[in-house]
Amino acid sequence: MHYSFPLMGLSRHRLGTDGQGVTTLVAAWGCPLRCRMCLNHRCWDRDVPVREVTADELYRITKVDDLYFQATHGGVTFGGGEPLQHAEFMEEFRQIVGTRWKVLAETSLNVPEEKVKTASRCVDEFMVDIKDMNPDIYRSYTGMDNHRTISNLQKLLQRAGGDRVLVRVPYIPGYNSEEDVYKSVQQLKTMGVERIDVFVYRQIKTSLSAVTDPQ
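Because the structure is predicted, anything quoted here is derived from the model rather than measured.

A. Molecular detail of the pattern of salt bridges. In total, this model carries 12 salt bridges according to the counting rule given. As a salt-bridge pair, R12 and D65 come within 2.8 Å of each other at their nearest N and O atoms. Separated by 53 residues along the polypeptide, R12 in strand β1 (residues 4-15) and D65 in the loop between α1 (55-62) and α2 (66-72) bring together distant segments of the chain. Residue D65 is classed as buried on the basis of its relative accessible area, which comes to 1%. The partner of K131 in a salt bridge is D129, with the nearest N and O atoms 3.0 Å apart. In this structure, K131 and D129 share a single accessibility class: buried.

The following block contains the structure:
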């Protein structure tokens, strides 16, 4: 069975922002969250142009940077939106590129457990935006409950190992405090999270190009 991916846009030649080496960010349309300071709110907009692509088509689009990926141990980062909603597509894409490229995912993990299980088989590194471990803060900021996110993180650590999981803990002005961030970090450490990135959310504009076929 072949799967399609709702490709909203992509950003090439990213260096050091999505894992090691040069990467291309591939953005999926659609997200279960409604984050108040979403960096890519177009993923909710039904008027945004979306191109449904197969795994073969996405490979054809991204292989123009094959030399960069191989030379720097980079690859393709699936973001969005929420890319793990399309975990089966990502697994099919992995089968095409093999081990020549890294396959990475930026995710909230607020998806069905089966999606995380599938992704754990094909993704080299997960960058998990946990928002905040406090369920009240999480709901206030995202409009959703974080029970599934935390449960999926526990299972992902078991399946993938701590070295493949980077958890990002943001200080979100107006929603959490530095003390809240500290509490989240401590809770994550007790869960066995080894890699934690603490940073401050700032409202910025995203820069995703329209998707065109390579010449």
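B. Region of interest: the nonpolar core. If you look at the biggest cluster of nonpolar residues, it comprises 44 residues, and the most contacted ones within it are F78, L84, F93, L153 and V167. Filtering out sequence-adjacent residues up to four positions away, L84 remains in contact with M90, A105, T107, L109, V111, K115, V116, A119 and F126. Among the nonpolar cores identified, the runner-up in size contains eight residues, and L33, C38, Y138 and Y201 belong to it.

C. Representation of unusual backbone geometry within the structure. With an omega of 10°, the peptide bond between G80 and G81 qualifies as cis. One non-glycine residue with positive phi stands out, namely K131, at about 65°. Within the secondary structure, K131 sits in the loop between β6 (125-129) and α5 (135-142).

D. Here's a closer look at the pairing of strand β8 (residues 195-200). Two elements, strand β7 (residues 165-171) and β8, share six bridges in a ladder whose sense is parallel. Its bridge partner being in β8, V169 is matched across the sheet by V198. With helix α7 (residues 178-191) bridging β7 and its parallel neighbour β8, the resulting β-α-β unit is right-handed.

E. Local environment of the environment of E88. For E88, the position within the fold is in helix α3 (residues 87-97). Sequence separation between E88 and K115 is 27 residues; the distance between their C-alpha atoms is 7.6 Å. Residues in contact with E88, not counting those within four places in the same chain, are Y3, K115 and T118.

F. Region of interest: the packing of α1 against α3. The N-to-C vectors of α1 and α3 enclose an angle of 55°; their axes lie 9 Å apart at closest approach. As judged from the angle between their axes, α1 and α3 are oblique. Taken as a pair, α1 and α3 cross one another with a handedness that is right-handed. Between α1, through A55, D56, L58, Y59 and T62, and α3, the contact on the second element is made entirely by F89, E92, F93, I96 and V97. Residues belonging to the contact of α1 with α3 are distributed by class as follows: seven nonpolar, one polar and two charged.

Criteria and thresholds
- Residues numbered from 1 in each chain as written.
- Predicted model: local features only at pLDDT ≥ 70, side-chain atom pairs only at ≥ 80, totals over all residues.
- Heavy atoms only, no water.
- Salt bridge = Lys/Arg side-chain N within 4 Å of Asp/Glu carboxyl O.
- Helix = DSSP H or I, 4+ residues; strand = E, 2+ residues; numbered from the N terminus.
- Buried < 20%, exposed > 50% of the residue type's maximum accessible area, 1.4 Å probe, protein only.
- Core = buried A, V, L, I, M, F, W, Y, C linked by side-chain atoms within 4.5 Å.
- Contact = heavy atoms within 4.5 Å.
- Pairing = 2+ DSSP bridges.
- Right-handed = clockwise from strand over helix to strand, strands pointing away.
- Axes fitted to C-alpha atoms, helices over the stretch in contact; angles between N-to-C directions.
- Parallel < 35°, antiparallel > 145°, perpendicular 65-115°, else oblique.
- Left-handed = near helix turned anticlockwise from the far one by under 90°.
- Nonpolar A, V, L, I, M, F, W, Y, C, P; charged D, E, K, R; others polar.

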